[in-house]
Amino acid sequence: MKKLIALCVSICALGIVGCSNNKDEAMTGETGSKIAYNQAVMSHYDVVKRDKEIKLDGDLTDDIWKEIPSIQGGFHFPWENKEAPSTVFKAYYDEKNMYFSFDVTDHDVVVAEPKKEGDENVVDLEDRVEIFFGGKYIDVPGPEGMEPYYGLEIDPKGRIHDYSVIYYRDFDGDWNLDGLQTKALITKKGYTVEGLIPMQYLRDKKLINENNVMNTGIYRAEFSTPKKGKEPVMEWISWVDPKTENPDYHVASSFGEFRFLK
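Report follows, based on the coordinates. (Residues numbered from 1 in each chain as written. Predicted model: local features only at pLDDT ≥ 70, side-chain atom pairs only at ≥ 80, totals over all residues. Heavy atoms only, no water.)

With that out of the way, let us pick up the overall build of the protein. When you go through the protein residue by residue, the secondary structure sums to four helices and 13 strands. Burial analysis of the protein (262 residues in total) assigns 42% to the buried set. The long-range share in the protein, meaning contacts at least 24 apart out of those at least 6 apart in sequence, stands at 63%. Of the roughly 15200 Å² of accessible surface on the protein, 50% is carried by carbon and sulfur atoms. (Helix = DSSP H or I, 4+ residues; strand = E, 2+ residues; numbered from the N terminus. Buried < 20%, exposed > 50% of the residue type's maximum accessible area, 1.4 Å probe, protein only. Contact = heavy atoms within 4.5 Å. Areas by Shrake-Rupley, 256 points an atom, 1.4 Å probe, with all protein chains shown as cover.)

Quick look at the structure:
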């Protein structure tokens, strides 16, 4: 036993990580810096910076998209035990806007017609891609109570349903994201979406924090053509697995992190 104690003391004297009883010391590396902002527990995506403004048309063959890293292969059916069709998401930013794109493989693209002109709710009945933006927390009250988070749903025609939400599922459908633009194309293998969001809007809403990080959820609603007289088959694809029993994007565990690189 004495030899074991002596060995432990020697190991600590050599500075091996884990021997310190000081919490701050245990969180500090050789450089003295703290553990990284996300502590490596959340999915994250790096949004690269490029000095390249594009004209939105839904066509993803522009040279700029070829050099932008993607989220690909991470999208899955959290609530289904089967392989999900391909979804490729990309984003970059310049001084004015964050640009984003989806390249969706879908051999049964479901679109609907609105009951009246401009009815955003038609998007809820279709195939679509979705982006959520939130502050530090979406399910914990801040100094002024529950803070809103924001949802964008975009269909294969580029139509938008945007809204703000207070946890849990208190929707404000009258909210619109000022400056949001989208275009989409239905292709031979599915559909593509291009969009832009003003960076100033994200900063004004304090969605991008002091570490240039924004809590973000990326999702896809995968609908299948219904049999006559039946409702469409609705399935749900997500970048992050929320670990919920039933399909639910509106929980903090469905968000990852976007890091805006300088």
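Relative to the helices and strands, Thr 182 is located in strand β9 (residues 181–186). Reaching out from Thr 182, the side chain makes a polar contact with the backbone oxygen of Gly 158 at a distance of 2.7 Å. Sequence-distant contacts of Thr 182, defined by excluding residues within four places in its chain, comprise Leu 56, Phe 100, Ile 154, Gly 158, Ile 160, Glu 194 and Gly 195. (Polar contact = N/O pair within 3.5 Å; in protein donor to acceptor, adjacent residues only side chain to side chain.)

We now examine the nonpolar core. Counting residues in hydrophobic clusters, the biggest one holds 48 residues, and the most contacted among them are Tyr 45, Phe 89, Phe 100, Phe 102, Ile 197, Phe 258 and Phe 260. At five residues, the largest contribution of residues to this core is made by strand β4 (residues 97–105). What Ile 197 contacts, discounting residues up to four positions off in sequence, is Lys 96, Asn 97, Met 98, Phe 100, Phe 133, Leu 152, Leu 177, Leu 180 and Leu 202. Among the nonpolar cores identified, the runner-up in size contains nine residues, and Trp 79, Phe 132, Tyr 163 and Tyr 249 belong to it. (Core = buried A, V, L, I, M, F, W, Y, C linked by side-chain atoms within 4.5 Å.)

Across all of its chains, the model carries 22 aromatic pairs by this definition. Pairing Phe 89 with Phe 102 gives two aromatic rings, centres 4.9 Å apart and planes at 65 degrees, and the pair type is edge-to-face. Taken together, the residues Phe 89 in strand β3 (residues 87–93) and Phe 102 in strand β4 connect sequence positions 13 residues apart. Phe 102 carries the same exposure label as Phe 89, and that label is buried. Relative to Trp 236, the ring of Phe 223 has its centre 6.1 Å away and its plane inclined at 90 degrees; by these criteria the two rings are edge-to-face. (Phe/Tyr/Trp six-rings, centres within 6.5 Å; stacked < 30°, edge-to-face > 60°.)

Within this model, the second largest pocket holds a volume of roughly 260 Å³. Taken together, 17 residues line the second largest pocket, and the ones lying closest to its centre are Arg 128, Glu 153, Arg 169, Tyr 249 and His 250. Secondary structure elements with two or more residues in the lining of the second largest pocket: β5 (128–134), β7 (160–166) and β8 (170–172). Per-element accounting of the lining of the second largest pocket gives the leading share, three residues, to β5. Considering only residue class, the lining of the second largest pocket consists of seven nonpolar, three polar and seven charged. (1 Å grid on protein atoms, 1.4 Å probe; cavity = no way out; pocket = protein on both sides within 12 Å on 5 of 7 lines; lining within 4 Å. Points joined across faces, edges and corners; volume = space filled by probe spheres on them. Nonpolar A, V, L, I, M, F, W, Y, C, P; charged D, E, K, R; others polar.)

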